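As a plain string of letters, each chain reads:
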Amino acid sequence: MSGIQNPIVVLDFGAQYSKLIARRIREAKVYSLIVPYNIPAAELAAMKPAGVILSGGPASVHLDGAPMPDPEVLQLEVPMLGICYGAQVFAAMLNGKVERAKEREYGIAHLEHDDRSGLLTGVDAKAQVWMSHGDLIAKLPDGFDVIGRTENCPYAALANPAAQRYGVQFHPEVAHTPQGKRILANFVHNICGCDSSWDMGNFVEIAKQEIREKVAGRKVLCGLSGGVDSSVAAVLIHEAIGDDLTCVFVNNGMLRKGEAEMVQHVFRDNFSINLDYVDAEEQFLSALKGVTEPEQKRKIIGNLFVEVFEQEATRLGHMDFLAQGTLYPDVIESVSATGGPSVTIKSHHNVGGLPEKMNMQLLEPLRELFKDEVRALGRELGLPEEIVGRHPFPGPGLGVRVIGEVTRERCDTLRDADAIFIDEIRKAGLYDEIWQALVCLLPVRSVGVQGDERTYEEVCSLRAVTSEDAMTADWYRFPPEVLQRIANRICNEVQHINRVLYDVTSKPPGTIEWE
């Protein structure tokens, strides 16, 4: 069975982990996609899914207005797996019962199982799982048997093999369920019958065809930053539509050191892509004068990017689409990708920072991917490693790393500190171990002694994290001597900084970027 023609479809009930489910399925080399929970059964059936997964969600199934799928969805003759809220949907719709738990489960639990259904094949008899629920199934839905339980959850896993319906109260998609990948692989391979034929090469062909169909001979303007995401998006779109694409590289005055020169060099030497360079430094920095609130900065930068792109579209001739390298972590932190009730953490300039009225349609071919998937896609497309292997860089650039007011002088200071930080990380051979490394310039001053003289200068904070997908992150444990070299160089070589801090906050509770 082909994983492309017969995908695993995830019904999104508003969970922030919905995309992580789809990601795990792709890691099992099966094509997956996400649709809204209320998709009509006929439309779902037309996709010819090999299997359907009902995601978790923040609602309670026993409350009025709780999101529920089309009742006919459960009548489809296709294997289904409910995760957390999704399992409770089975109970609510198939004559079971869900009620508030006497003891809520958040965090690590231990699953004991005696499964003969195939869902938990190869899973330890007592396995660590991750729980996140305040409701539980109090009565099994019709036709289901219990196959696993935890101390506080008697129906932690359930199955109706005859109907090919399965449910788990825990989250197999998260890293805190160590054998979760095996559980999902059991479902898609053993129960749904999917093979392991899907990879990024398949995605390239699917994505290019979708781009061609959407663009249909019209013109596309791509915002190119030189980072991994926009670069991969640009090359993918170019392969799909050729010279109907024009890339615009905007220097907003908040780029990394040498960024403008590097981007122009790489793309003009490696790809035959129409590249338009715009120096808009003065325009952006003027608009940010006196602004300190992070969301306001992001919105200003996002709106100005669109204004510049629209101005360039007019100058270049009519453009129909604005292409961006938006990724799923950007989407999930800004808005719900499928209309579910997710919480906005921060606006991303290429998601939540766009104006309501825009003269171009959006084209975001990477919107369903995580960063590591984008890197794999970039390598598949033949991008140079100097682009594909770069650490993530925020769309608003240094504007969200200069904490407080953004000025040309503060950006210059931060550029120099950032260049030293990255240089020392590379010299220590640590760059590829770190997901993202950055320097923030703080809105405080510190008394110091430099050259036997009193100084009163700015303070910067170093940040380096490890992560799989940017949804969670942990701070990187540097050897002390590396941190010492970095701090010494910054204080000695960067004018206006006399104190260096290191941020040891994980995500959550913090975010990777400070703003």
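Above this text sits the structure in question.
Fair warning: this is a prediction, and the values are worked out from it, not measured in the lab. (Residues numbered from 1 in each chain as written. Predicted model: local features only at pLDDT ≥ 70, side-chain atom pairs only at ≥ 80, totals over all residues. Heavy atoms only, no water.)

1. Considering the pattern of salt bridges
In total, this model carries 34 salt bridges according to the counting rule given. Linking Glu27 and Arg23 is a salt bridge whose minimum nitrogen-to-oxygen distance equals 3.1 Å. You can see Glu27 and its partner Arg23 sitting in helix 1 (residues 18-27), four residues apart, about one turn around the helix. The partly exposed category is assigned to Glu27, whose relative accessible area is 34%. Looking at Arg23, the relative accessible area reads 3%, which means it is buried. (Salt bridge = Lys/Arg side-chain N within 4 Å of Asp/Glu carboxyl O. Helix = DSSP H or I, 4+ residues; strand = E, 2+ residues; numbered from the N terminus. Buried < 20%, exposed > 50% of the residue type's maximum accessible area, 1.4 Å probe, protein only.)

2. Focus: the side chain of Asp12
Structurally, Asp12 can be placed in strand 1 (residues 8-12). At 10 Å, Arg367 is the nearest oppositely charged side chain to Asp12, a buried residue that forms no salt bridge. In this structure the side chain of Asp12 is engaged in a polar contact, spanning 2.8 Å, whose partner is the backbone nitrogen of Gly14. Here Ser18 takes part through its side chain, which lies 2.8 Å from a polar atom of the side chain of Asp12. (Lys, Arg positive; Asp, Glu negative; His and termini not counted. Polar contact = N/O pair within 3.5 Å; in protein donor to acceptor, adjacent residues only side chain to side chain.)

3. With respect to the packing of helix 6 (residues 228-241) against helix 11 (residues 371-381)
Direction vectors running N to C along helix 6 and helix 11 enclose 45°, while the axes themselves pass 10 Å from each other. One element, helix 6, and the other, helix 11, form an angle in the oblique class. Crossing geometry of helix 6 relative to helix 11 is assigned as left-handed. Together, Val228, Asp229, Val232, Val235, Leu236 and Glu239 of helix 6 and Lys371, Val374, Arg375, Leu377, Gly378 and Leu381 of helix 11 make up the contact between the two elements. Of the residues in the contact of helix 6 with helix 11, the class split is seven nonpolar, one polar and four charged. (Axes fitted to C-alpha atoms, helices over the stretch in contact; angles between N-to-C directions. Parallel < 35°, antiparallel > 145°, perpendicular 65-115°, else oblique. Left-handed = near helix turned anticlockwise from the far one by under 90°. Contact = heavy atoms within 4.5 Å. Nonpolar A, V, L, I, M, F, W, Y, C, P; charged D, E, K, R; others polar.)

4. A word on unusual backbone geometry
Of note, the bond from Lys507 into Pro508 is cis; its omega dihedral lies within 30 degrees of zero at -15°. Note that Pro508 resides in the segment after strand 18 (497-502). A cis amide bond links Pro508 to the next residue, Pro509, at an omega of 15°. Secondary-structure assignment places Pro509 in the segment after strand 18. For Gln164, which is not a glycine, the phi torsion comes out positive at approximately 55°. Mapped onto the fold, Gln164 is located in the loop between strand 8 (157-160) and strand 9 (165-168). Relative accessible area serves as the criterion here: at 29%, Gln164 is assigned to the partly exposed category. In this structure, His496 is a non-glycine residue whose phi angle is positive, near 85°. If you trace the backbone, His496 turns up in the loop between helix 14 (480-493) and strand 18.

5. Thoughts on helix 13 (residues 408-427)
Given a rise of 1.5 Å per residue, 20 residues ought to cover 28 Å, and the 29 Å separating the end C-alpha atoms of helix 13 matches this to within 8%. When we look at burial in helix 13, the residues that qualify are Arg410, Cys411, Thr413, Leu414, Arg415, Ala417, Asp418, Ile420, Phe421, Ile422, Glu424 and Ile425. Just beyond helix 13, the residue with positive phi is Gly429, at close to 70°. (Expected span 1.5 Å × (residues − 1).)

6. Here we look at the sheet that holds strand 13 (residues 321-323)
Pairing within the open sheet is parallel, and its five strands lie in the order 12-11-10-13-14. Unpaired on one side and paired on the other, strand 12 (274-279) and strand 14 (361-363) mark the two borders of the sheet. On average, each strand axis in the sheet is tilted by 30° relative to the strand beside it, whichever way the strands run. Here strand 10 (residues 220-223) pairs with strand 11 (residues 245-251) via four bridges, running parallel. (Pairing = 2+ DSSP bridges.)

7. What about the nonpolar core?
Formed by 50 residues in total, the largest nonpolar core has its most connected members in Val250, Met254, Phe284, Phe421, Phe478 and Ile490. Listed by contribution, the elements that provide at least two residues to this core are strand 11, helix 8 (281-287), helix 9 (294-316), helix 13, strand 15 (436-450), strand 16 (453-466), helix 14 and strand 18. Examining the composition of this core, we find that eight residues originate from one element, helix 9, more than from any other. Contact partners of Val250, with chain neighbours within four places excluded, come to Leu224, Leu255, Val278, Ala280, Phe284, Phe305, Val308 and Phe309. One finds Val220, Phe267, Leu327 and Leu363 within the second-largest nonpolar core, a separate group that totals 45 residues. (Core = buried A, V, L, I, M, F, W, Y, C linked by side-chain atoms within 4.5 Å.)

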